[in-house]
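# Working through the structure, step by step
This is what each chain is made of:
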Amino acid sequence: MVNDVEVSMSSWKYLVACMGLSGVLVALPGQADAAIVNYQKHDHSERFDKFWMTLEEKLALRKEQKEELRKHREAVKEERKKLKEESKKLHKQIKDALESGADRSTLDSLGAQWGKVQVAKMEMAHKYQKKFKEILDEEQKAKLEKFKAEHRDEWEKKYRGGDDD
């Protein structure tokens, strides 16, 4: 009788542990999917605006420089948005094609289209950086280079764990 009680208690504990583990295994992928969806829908404009305000302050931009940069950002905003939407659309098409077992030529074609959009986004960023530097005076350019070096060092420490030497 004592052995039967010990066995049933042991079985009961095992059953509860298995149920708990299965609950975790079911919940985690759902949470991961939710995190991915939330990240993809996340609007980075607030962080972008904060970055520009910090940079404008560090470089001590004059009012007319800030206005010229704001106008330039507004001028390219629609094109940037269009490229971002196109990139997302092609990314989804590639993902769907992979899941459906599409042939190599379809994947290559979609990849080439997506690559062109990525290059266009990089070209836009390059033009914006060039325009930004044209607006700065020599002292501000020196401050910018110092800021970039400090920012790069902070990033290295944060994401690469500092010096690997």
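Conventions we followed
- Residues numbered from 1 in each chain as written.
- Predicted model: local features only at pLDDT ≥ 70, side-chain atom pairs only at ≥ 80, totals over all residues.
- Heavy atoms only, no water.
- Helix = DSSP H or I, 4+ residues; strand = E, 2+ residues; numbered from the N terminus.
- Buried < 20%, exposed > 50% of the residue type's maximum accessible area, 1.4 Å probe, protein only.
- Areas by Shrake-Rupley, 256 points an atom, 1.4 Å probe, with all protein chains shown as cover.
- Axes fitted to C-alpha atoms, helices over the stretch in contact; angles between N-to-C directions.
- Parallel < 35°, antiparallel > 145°, perpendicular 65-115°, else oblique.
- Left-handed = near helix turned anticlockwise from the far one by under 90°.
- Nonpolar A, V, L, I, M, F, W, Y, C, P; charged D, E, K, R; others polar.
- Core = buried A, V, L, I, M, F, W, Y, C linked by side-chain atoms within 4.5 Å.
- Contact = heavy atoms within 4.5 Å.

### Examining the overall build of the protein chain
A count of helices and strands for the protein chain gives five helices and zero strands. Of the regular secondary structure in the protein chain, the N- to C-terminal order runs α-α-α-α-α. For the protein chain, with 165 residues in total, the buried portion stands at 16%. When the accessible surface of the protein chain is totalled, it reaches about 13700 Å², and 57% of it is carbon and sulfur.

### Quick word on the packing of helix H3 (residues 63–100) against helix H4 (residues 104–135)
In contact at an axis separation of 9 Å, H3 and H4 are set at 165° when each is read in the N-to-C sense. If you check the angle between H3 and H4, you find them roughly antiparallel. For the element pair H3 and H4, the recorded crossing hand is left-handed. Counted by class, the contact of H3 with H4 contains 16 nonpolar, eight polar and seven charged residues.

### Re the nonpolar core
In terms of nonpolar packing, the biggest core is built from eleven residues, these being Trp 52, Leu 55, Leu 59, Leu 61, Leu 69, Tyr 128, Phe 132, Ile 135, Leu 136, Leu 144 and Phe 147. Taken together, the elements giving at least two residues each to this core come down to helix H2 (45–59), H4 and helix H5 (138–160). With near-sequence residues (within four places) excluded, Trp 52 lies in contact with Arg 73, Tyr 128 and Phe 132. Among the nonpolar cores identified, the runner-up in size contains eight residues, and Leu 90, Ile 94, Leu 107 and Met 124 belong to it.

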